[in-house]
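Spelled out from the first residue to the last, the chains are:
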Amino acid sequence: MAFTNAEWLPTYEELTVPEINMTSAPLRAGAHHFGKYCDEQCKEFMLCNSEQRDPRKCLNEGKEVTRCGIEFFNKVKDSCLEEFNQYWKCVDSNHEMNLSYCRSTQAVFDKCIFEKLGQERPELGYFSKTRVHKTVRPKPKPYSDLPMPAETPGPPKNIDDMETPAITKERRGGFLGIWN
Amino acid sequence: MAAKFRQEMPPPGGYGGVEWSQKLAKAKLSGYRTFGLMAAIGIPAWTYFGYQTTKYRDVRREMTDARIAMEPLYAAEQHRMYLKQLRKNRDDENELMKDRPDWETGKWEGKALYHNKAGRFIPAPLEEYYAHSDALSAQRRYLDHMKH
């Protein structure tokens, strides 16, 4: 195992939150509205990931994303269940879950979302473009600030003064040489 | 009795002139008409091509949008699952090697596997991630990864 007992790994309690139990078709069908609804949380989480490069440090942001997702899909369930079911069944009916075959059901779903949640469908390319995100999370310390190890001593001036280093077990390797 | 002698003569009016010039078929369409036909086929074709290109580009872009919008949700759950498994692996190793006082979890001959002063997150190798499962799990996972 690559992790020692001294290294920090989150406990099971920290890692266990209610997850979304949904299949891919409803998730695909609700993707645009979910992205708009949870825009801030998603951007915060992805920024944290790209800054920290460490899943342990972005757990709270990730939990926030999942909580927001559950909240959004619960709201859809409460207010637009009929329209949503109709839409995702249409999306599921073509093999690549392409949204372009389901414009009529999508219009009904969008209308319901606009009436109940007051949210319009984001324009085309909204998620593909670069978006600016403002955060209060402090910037992580760069790795270049870490103290460097002491400088390696250089080679001796005169090669005749050099001692022949003893052949230790580390230098020799195992019985099988390079295969060991 | 021999037939009456008759001298062969050219046809009346004489032979025609020798046809020495090349014979060309008459063009069915004039140059202007050819250009006109090209324009008549080409302009609607290119217009339709442009329309189709834009349309399918927009369809692809919409699908890309949908994937990007869902990525944080998947990534959050995936990270939690990954860390949970790492935790489980470490706990299992502690439990498995508790009778060996010379064994330290995550170390080999008393040394940690990685020189990691900065505390970076180093993803576990596939074999270590699947260390406590059955023999072919890692390979199955690898093959599954190659399919997509």
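No experiment lies behind these values; they were computed from the predicted model shown.

Q: It is not clear to me how a nonpolar patch on the surface should be interpreted in this structure. Could you clarify?
A: Taken together, the side chains of L126(B), Y142(B), L143(B) and M146(B) make up a nonpolar region of the molecular surface, amounting to roughly 400 Å² of accessible area. With respect to the element layout, M146(B) can be found in helix α3 (residues 137-147).

Q: What's the story with the environment of P12(B) in this structure? I'm lost.
A: The topology assignment puts P12(B) in the segment before α1 (31-96). Considering only alpha carbons, one finds P12(B) and M63(B), 51 residues apart in sequence, at a separation of 87 Å.

Q: When you look at the UniProt feature "transmembrane region" (unreviewed entry) in chain B in this model, what are you seeing that I'm missing?
A: Per the UniProt record, "transmembrane region" (unreviewed entry) is annotated on residues 32-51 of chain B. Strand forms 0% of residues 32-51 of chain B and helix 100%; the C-alpha atoms that close the span are 28 Å apart.

Q: Just checking my understanding: could you explain the nonpolar core for this structure?
A: Across soluble globular proteins, nonpolar side chains have a tendency to be buried as a group. Formed by 33 residues in total, the largest nonpolar core has its most connected members in F34(A), F73(A), Y87(A), V91(A), M70(B) and L73(B). Listed by contribution, the elements that provide at least two residues to this core are α2 (24-29), α3 (31-37), α4 (39-52), α5 (59-79), α6 (81-92) and α7 (103-116) of chain A together with α1 of chain B. Here the element with the most residues in this core is α1(B); it accounts for 6 residues. Setting aside chain neighbours within four positions, we find V91(A) in contact with A25(A), R28(A), A29(A), M97(A), L99(A) and C102(A).

Q: Is there a simple way to explain the state of the cysteines in this structure?
A: Covalently bonding the sulfur atom of one cysteine to the sulfur atom of another cysteine gives a disulfide. Residue and element names in this part refer to chain A. In this structure the tally under the stated criterion is 4 disulfides over all chains. Disulfide partner of C38: C68, at an S-S distance of 2.1 Å. An S-S torsion of about -95° defines the bridge between C38 and C68 as left-handed. With C38 in the loop between α3 and α4 and C68 in helix α5, this pair connects stretches of sequence that are 30 residues apart. Residue class for C68 comes out buried when judged on its relative accessible area of 3%. Each disulfide in chain A links cysteines that, numbered along the sequence, combine into the pattern 1-4, 2-3, 5-8, 6-7. Here C42 is not disulfide-linked; the sulfur of C38 is the nearest cysteine sulfur, at 5.6 Å. Given the relative accessible area of 7%, C42 is considered buried.

Q: Teacher, can you tell me more about the packing of α4(A) against α5(A) here?
A: For any two helices packed against each other, the geometry comes down to the angle between their axes and how far apart the axes lie. All names here are of chain A. Direction vectors running N to C along α4 and α5 enclose 155°, while the axes themselves pass 9 Å from each other. Put simply, α4 runs roughly antiparallel to α5. Note that α4 runs across α5; the crossing there is left-handed. Residues Q41, C42, E44, F45 and C48 of α4 form the contact with α5, whose own contacting residues are E61, G62, E64, V65, R67 and C68. A breakdown of the residues in the contact of α4 with α5 according to their chemical character gives 5 nonpolar, 2 polar and 4 charged.

Q: It is not clear to me how empty space enclosed by the protein should be interpreted in this structure. Could you clarify?
A: Any space left empty among the atoms is revealed by the rolling of a water-sized probe across them. Evaluation of the coordinates by the stated rule reveals 1 cavity of 30 Å³ or more. Size it by volume and the largest cavity reaches roughly 40 Å³. Along its surface, the largest cavity is lined by F45(A), P55(A), C58(A), L59(A), G62(A), K63(A), A76(B), H79(B) and R80(B). For the lining of the largest cavity, the secondary-structure elements that each account for two or more residues are α5 of chain A together with α1 of chain B. Looking at the lining of the largest cavity residue by residue, the classes come out as 5 nonpolar, 2 polar and 2 charged.

Thresholds, definitions, all that
- Residues numbered from 1 in each chain as written.
- Chains lettered and ligands numbered in written order.
- Predicted model: local features only at pLDDT ≥ 70, side-chain atom pairs only at ≥ 80, totals over all residues.
- Heavy atoms only, no water.
- Patch = residues over 30% accessible without salt bridge, like charges linked within 9 Å, V, L, I, M, F, W, Y side chains within 5 Å.
- Areas by Shrake-Rupley, 256 points an atom, 1.4 Å probe, with all protein chains shown as cover.
- Salt bridge = Lys/Arg side-chain N within 4 Å of Asp/Glu carboxyl O.
- Helix = DSSP H or I, 4+ residues; strand = E, 2+ residues; numbered from the N terminus.
- UniProt positions renumbered as here; feature names shortened; annotations may be inferred.
- Core = buried A, V, L, I, M, F, W, Y, C linked by side-chain atoms within 4.5 Å.
- Buried < 20%, exposed > 50% of the residue type's maximum accessible area, 1.4 Å probe, protein only.
- Contact = heavy atoms within 4.5 Å.
- Disulfide = S-S within 2.5 Å.
- Axes fitted to C-alpha atoms, helices over the stretch in contact; angles between N-to-C directions.
- Parallel < 35°, antiparallel > 145°, perpendicular 65-115°, else oblique.
- Left-handed = near helix turned anticlockwise from the far one by under 90°.
- Nonpolar A, V, L, I, M, F, W, Y, C, P; charged D, E, K, R; others polar.
- 1 Å grid on protein atoms, 1.4 Å probe; cavity = no way out; pocket = protein on both sides within 12 Å on 5 of 7 lines; lining within 4 Å.
- Points joined across faces, edges and corners; volume = space filled by probe spheres on them.

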